[in-house]
Amino acid sequence: MSSYHPLQPLVPRDYPQVVTSLSFDPVSDALWAGHASGTVCMYHGLIRVQGVSFVVGRGTPVQKLLLSDNTVTACSSSGIGVWGKGGANKWYHQASQGITTFAEHPSKPHTLVASQPNFQLLVLNSMTGLVTRTVSVPVLLTPLRSSHSLLLAGGPDGKLRTFDLRTTMREHEATDSILAHVGGIQGLEVCGNYAVTIGWAMRQSRPHPDPLVKVFDLRALKPLPPVQFSAGPSFINAHPRSTSTVMIASSQGLVHTIDISKPGSGGEFSQVDSNSFISAAAVSPNGAYLAFGDAEGSINLLTSTSTDDHVPFNGFDGKRVEWADVPARLPEISWDDHTPLNSIGMPYYEAELLSSFKPPLLPASMAMPPPPKIPPQVLNAVKVQDFLQYAILPKELRGKRNVVEVNPQKPDEGRFKSEQSKRIDESPTPASFAFPEIPKAYRKVNIQYSKFGVEDFDFASYNQTSLSGLETDIPNSYSNALIQLLHYSLPIRRLAKTHITTSCRLEYCLLCEFGFVVRMLEDAQGINLQARNFCITIGRKQTAHSFGLIDRSTEGQIVDYSRMIQQLNRFVLEEFAVEENTLPGNPQLIPSRSQQGSGSALPLITQVVGVDAPTLTSCAHCGQQREKESVSHVIDLLYPRKVDKYLTYLPEFTFGGIVRSSLERDITYKSNCQYCKHLANHRSRRALHPDHLPPILALNAAVNNDENHSFWLKKKSQIFLSPEVELQAPDNSSNASLGEQNIKYTLRGYIAEIRMGTSSHLVALVRTGEMESSSSWYIFNDFNVQNIAEAEALSFDGKWKMPCVIFLERQDLIDTLDYSLLPEKIDPAILGQTLSMAAQMDWSAAKQEVLEPHELPTPGTIIAIDAEFVALQQEESELRSDGTKKVLKPSQMSLARVSVLRGSGPKEGVPFMDDYIYTNDVIIDYLTEYSGIQPGDLHPNFSRQVLLPLKVVYKKLRVLVDMGCIFIGHGLSKDFRIINIFVPPERVIDTVDVYFIKERHRRLSLRFLSYYVLKAQIQIDTHDSIEDARAALLLYNKFREHEDSGTFDDLLREIYSEGKKLVRPLSPTHTLQVSHSLVLELESSRASTRNTRCTTPANAPC
């Protein structure tokens, strides 16, 4: 075999894109490449020019290409399809669960087999794209290859599996399997009777490339001597002209060509000259060319042919390479008054034209109802004359014909406080909704933005209860439903509140943020909130990105929220268990369970939701049994097959029976026994004891197909999901580990996915314990909260309602948990700590004086507060044809500085908090003119300020709220909203509301109030939070003075009159310096306000 030498690489003509897949054309001199942007391009071999190009999927990377004589088969994570070589699509199967890879069917022509992330294989007709069969598999299958009559597959568990698709495969079972790589299989290739794999090994519990290329004999599925490749194999391809030669390549470009039947021969080595790492590899049909795509978009070529003559990529003069059709030149049209309009042709278009829309596709805003039915009064009076029917119009219907509604309400029109007097109808009529079978409480709600911002949106019209909802329009807000379900699971709520009292050192801690959300939900009493910090912290977790838990969807994009929320449920509970395991000794919450052995108890979250039971595995050949300890925080439901001859025990088709069988997870599989070394059937089951079942049982519904969903659907007035679930012991207790004791659970709530066509969203249905009417069940549809009947909550009336996550509470344990050893309050000493992340911090220049122990606040202590923010994302809006602006997405702000001042006492007006907040986010605008924040103030290496993580600053504010402080400031509602903290309204004194006349409809700025009331200029160059907080405190003191003397109303009218006169910006007529004037004013007011608390008159906003 000749040595390979490099050729001139193929360089893309457009901007560089990572090459993710390569394949040579079998009948033409062409090479096809798939890119990370979802584009497939053809390169001509002789002239080295890019030709046909088309898009696969929706911008997701092309994962695999398969070329035939006339077609190109390609797949991405969104679907699989077949295209002609000219770029015309023949069919495309869009998979809601995604596609990982595909291969040709080993025994059926014109058939493809595709793997999905939900552990299923799809068998598709390659001519039509129709799914002919679905096969469940035990794990996610990444590489797929066909060999003779078997389908070979590898997965993350490292096993090489074979599937015989000619037979009716048993559920979740392969024909045969063997362990290849302990860390997972990365690549798989078939050479004659050999299967060759590359993958990952484990070193110090971490995966790394396995330097051994494993070889297996397919006739007996036995391992053969492996091939050593110390550079770390990343790609493997079979030589098309040899049944035992493979080409192994590393990501650095080292290529090893070797005969696997002679592993000691050494083989040949070549090097790809690339400036980046290799991302794809392919071998030509005659083996004369090797192609390697890299991360810079180039395709590097190696060849074994002579450089004098060009040998086609396919090895012979085959079919002519197809090129994209050139559009015909548009005809010249001489336009005059008599030129017909139809002489101008229609433009090229992709979307369906408006003229071809069918009635179901018409938007509801066009207000085109179906023809009205003929009134029964008219039908009863019909007379027939020949073929004509007629009737006299009754008197009661006269004058009402051909009358249409004027200015009908748009279904998506927002509800704004500023337009309450103009509102005609609170909600659209059922006929205007595209899915009338979905009750109103379940329908998706969106926040609309008026010219006054989100504060003008009337959230109260969506929630008339005392329970708070959560807002949307923040990243990962799909987690709102899970937050509500966790919040009303009282043990989890209690542990979260305990965790925020500890000194958690994690910068991004989900349990801390959930604890803060819990405190807000407890205090809000029906006022809508945001879980912004919790949702953002999800995005900070690298594991969340790996599991696909980050919601990057855009409007109109199909997202499988059912899968995402179930994975988020498992991720959150496991993260809670890791983050919470900080208390020394981990006190035992369940007194009836004594800790076995020495050491501390399990993490508190694991004690509440963990199923800590061993798994028993027994061999049918030798009878040996082994035991493996395991803890599961979430149980996936397993549904019985309606017809399965292999089932030895058929569980009841009830919810309790399915839960019990899912807990035991009694499965049978074939594997090599580590004791007798025989390939035999093994039985695996979880050995359950009543002590193994937790107080809260967290379940994932795992409804992956219509058959599973059919269990949940309401049948003949019988409801599948019941408010009480009893895990019954079977008649023959020797066949089950649960024993003879029945365990009763009560349904706390569940999360359901509501499907409306191609879009979907999540709602939580929870039994809260709060009683309105005769039911304690509530539906939490983001910020839309309603009380519903229990029968409605438990029923599933159609496919539009899909169960996702269920929480059950054990009746004999839930009220016996012992929380006596858990802390309840945050240590207020945090207010007296002097901490900073800034490397160049100068404490002598710090503006704050931290609180002394005797200065700690008590209920009613007055403090002044102001905050500054920076912009992380600009506002997205559209300008309408009438000149008005509609906000599509508000700007995203981040807290940058918080200043809190003493409101009374000898140090009145002196700040005890002036913290800058460190952030990892990219700041697009420091808003220095309005915030006073300079570039570098928030960076640990350059800042000279008191710089702290957001969680530390938030915990300080949480302490102030818990200690009952009275907050004084200007525009605090918006500040608290962005900070994401809730302060009860009765403990907020906002000077923007104090100095306000409702009839004037205009609120006054802090700068103008300081100019007129305090006779001082502030905010001259930039804003300063200490200056603003001090000005608000002085304004409040002035209010009290005038209120006590009975002159405040007169002062307020004078202020509005003076403001009306000002038609230009303020000129610096008052030359008092801000700091000097405010300090003098504070000194004069201390005599009357020293050592006071909130003694505001009854008519004041306090």
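A quick note: this is a predicted structure, and the numbers were derived from the prediction, not measured. (Residues numbered from 1 in each chain as written. Predicted model: local features only at pLDDT ≥ 70, side-chain atom pairs only at ≥ 80, totals over all residues. Heavy atoms only, no water.)

Draft legend 1. Geometry of empty space enclosed by the protein. Tallying each qualifying case throughout the model produces 5 cavities of 30 Å³ or more. Approximately 350 Å³ is the volume found for the largest cavity. In terms of lining, the largest cavity is formed by 23 residues, of which the most central are Asn533, Ile536, Arg540, Ser894 and Leu950. Mapped onto the lining of the largest cavity, the elements with two or more residues apiece are α5 (532-540), β49 (892-902), β50 (911-918), α13 (950-962) and α14 (972-979). For the lining of the largest cavity, the element with the most residues is α5, which contributes 5 residues. Grouping the amino acids of the lining of the largest cavity by side-chain chemistry returns 11 nonpolar, 6 polar and 6 charged. If you go around the second largest cavity, the residues you meet are Phe235, Ile236, Asn237, Met247, Ile248, Ala249, Val255, Ala281, Ala282, Val283, Leu290 and Phe292. Listing elements by their share of the lining of the second largest cavity, those giving two or more residues are β23 (233-238), β24 (245-250), β27 (278-283) and β28 (289-294). Its residues placed into classes, the lining of the second largest cavity shows 11 nonpolar, 1 polar and no charged. (1 Å grid on protein atoms, 1.4 Å probe; cavity = no way out; pocket = protein on both sides within 12 Å on 5 of 7 lines; lining within 4 Å. Points joined across faces, edges and corners; volume = space filled by probe spheres on them. Helix = DSSP H or I, 4+ residues; strand = E, 2+ residues; numbered from the N terminus. Nonpolar A, V, L, I, M, F, W, Y, C, P; charged D, E, K, R; others polar.)

Draft legend 2. Representation of the packing of aromatic side chains within the structure. Applying the stated rule across the entire model yields 29 aromatic pairs. With a centroid separation of 4.8 Å and an interplanar angle of 70°, the aromatic rings of Phe457 and Phe459 are classed as edge-to-face. Overall, the relative accessible area of 9% leaves Phe459 in the buried class. For the pair Phe1039 and Phe1048, a centre-to-centre distance of 4.8 Å together with 85° between the ring planes defines the contact as edge-to-face. Here Phe1048 falls in the buried class, since its relative accessible area comes to 5%. An aromatic cluster is built from Phe655, Trp712, Phe720, Tyr750 and Phe796, whose rings are joined through pairwise contacts. A cation over an aromatic ring shows up here: Arg1003 above the ring of Phe996, its NZ or CZ 4.0 Å from the ring centre. (Phe/Tyr/Trp six-rings, centres within 6.5 Å; stacked < 30°, edge-to-face > 60°. Buried < 20%, exposed > 50% of the residue type's maximum accessible area, 1.4 Å probe, protein only. Lys NZ or Arg CZ within 6 Å of the ring centre and 35° of its normal.)

Draft legend 3. Representation of the packing of helix α3 (residues 490-499) against helix α4 (residues 510-524). Packing of α3 against α4 leaves a shortest axis separation of 8 Å and a crossing angle of 110°. Taken together, the axes of α3 and α4 are roughly perpendicular relative to one another. Every pair of crossing elements has a handedness; the one defined by α3 and α4 is left-handed. Across from Ile492, Arg493, Ala496, Lys497 and His499 in α3, the residues of α4 making contact are Leu511, Cys512, Phe514, Gly515, Val518, Arg519 and Glu522. Across the contact of α3 with α4, the residue classes break down as 6 nonpolar, 2 polar and 4 charged. (Axes fitted to C-alpha atoms, helices over the stretch in contact; angles between N-to-C directions. Parallel < 35°, antiparallel > 145°, perpendicular 65-115°, else oblique. Left-handed = near helix turned anticlockwise from the far one by under 90°. Contact = heavy atoms within 4.5 Å.)

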